[in-house]
Amino acid sequence: MTSNPAIFAKAIAGSSDYDGEIQSLVKAGFLVRTRADAGTAEARANEVIRRDTAFASGAQLVSTDYPEPDLRFSPYAVRLEAGIVVRANPVTGPAGRAGQDLESWPAPSDSLVPATSP
């Protein structure tokens, strides 16, 4: 089910003006999924604009048919930079941390963990 059919229609039509709408939904607390590619169009053309736009949109989930390249078409693949698996959200993440690898952040200090009652 699509919660906002207007955004979905714009995305399917290849419009780029839905990115601001995705960012607005992310800021409002919605969980957003978008696609980095559709069919084989991006892979055949080795076109990364839609992928990069999806990563910058703030959508928490970015779907793809190409987590690995299909070299029959091109080297096109959808991966975060430098082998990152999970990163701070570029729209809602902490200032100065947007796009950074979350796995490399230091563990929270004990002083930040609430005390528990025995």
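Reading guide: rules and limits
- Residues numbered from 1 in each chain as written.
- Predicted model: local features only at pLDDT ≥ 70, side-chain atom pairs only at ≥ 80, totals over all residues.
- Heavy atoms only, no water.
- Helix = DSSP H or I, 4+ residues; strand = E, 2+ residues; numbered from the N terminus.
- Buried < 20%, exposed > 50% of the residue type's maximum accessible area, 1.4 Å probe, protein only.
- Areas by Shrake-Rupley, 256 points an atom, 1.4 Å probe, with all protein chains shown as cover.
- Contact = heavy atoms within 4.5 Å.
- Patch = residues over 30% accessible without salt bridge, like charges linked within 9 Å, V, L, I, M, F, W, Y side chains within 5 Å.
- Salt bridge = Lys/Arg side-chain N within 4 Å of Asp/Glu carboxyl O.
- Polar contact = N/O pair within 3.5 Å; in protein donor to acceptor, adjacent residues only side chain to side chain.

Colleague: Quick question: what am I supposed to make of the overall build of the chain here?
Modeller: On a plain count of helices and strands, the chain comes out with four helices and two strands. Helices (α) and strands (β) of the chain occur, in sequence order from the N terminus, as α-α-β-α-α-β. Out of the 118 residues in the chain, the part that is buried amounts to 26%. As displayed, the chain has an accessible area near 7,800 Å², and 57% of this comes from carbon and sulfur atoms.

Colleague: It is not clear to me how the environment of glycine 99 should be interpreted in this structure. Could you clarify?
Modeller: On the secondary structure map, glycine 99 appears in the segment after β2 (61-63). Relative accessible area serves as the criterion here: at 14%, glycine 99 is assigned to the buried category. Once you skip the residues sitting within four places of it in the chain, glycine 99 turns out to touch Glu81, Ile84, Arg87 and Ala88.

Colleague: How do you make sense of a nonpolar patch on the surface when you look at a structure like this?
Modeller: A contiguous nonpolar surface patch, about 230 Å² in accessible area, is contributed by Val85, Val86 and Leu102. Along the chain, leucine 102 falls in the segment after β2. On the accessibility criterion, leucine 102 (31% relative accessible area) is partly exposed.

Colleague: Whenever I open this one, the side chain of glutamate 42 confuses me. Can you help?
Modeller: For glutamate 42, the position within the fold is in helix α3 (residues 41-45). On the basis of relative accessible area, glutamate 42 is assigned to the buried category, the value being 9%. Polar contacts involving the side chain of glutamate 42 include one to the main-chain amide nitrogen of alanine 38, which spans 2.9 Å. In contact with glutamate 42, not counting residues within four places along its chain, are Ala36, Asp37, Glu47, Arg50 and Tyr76.

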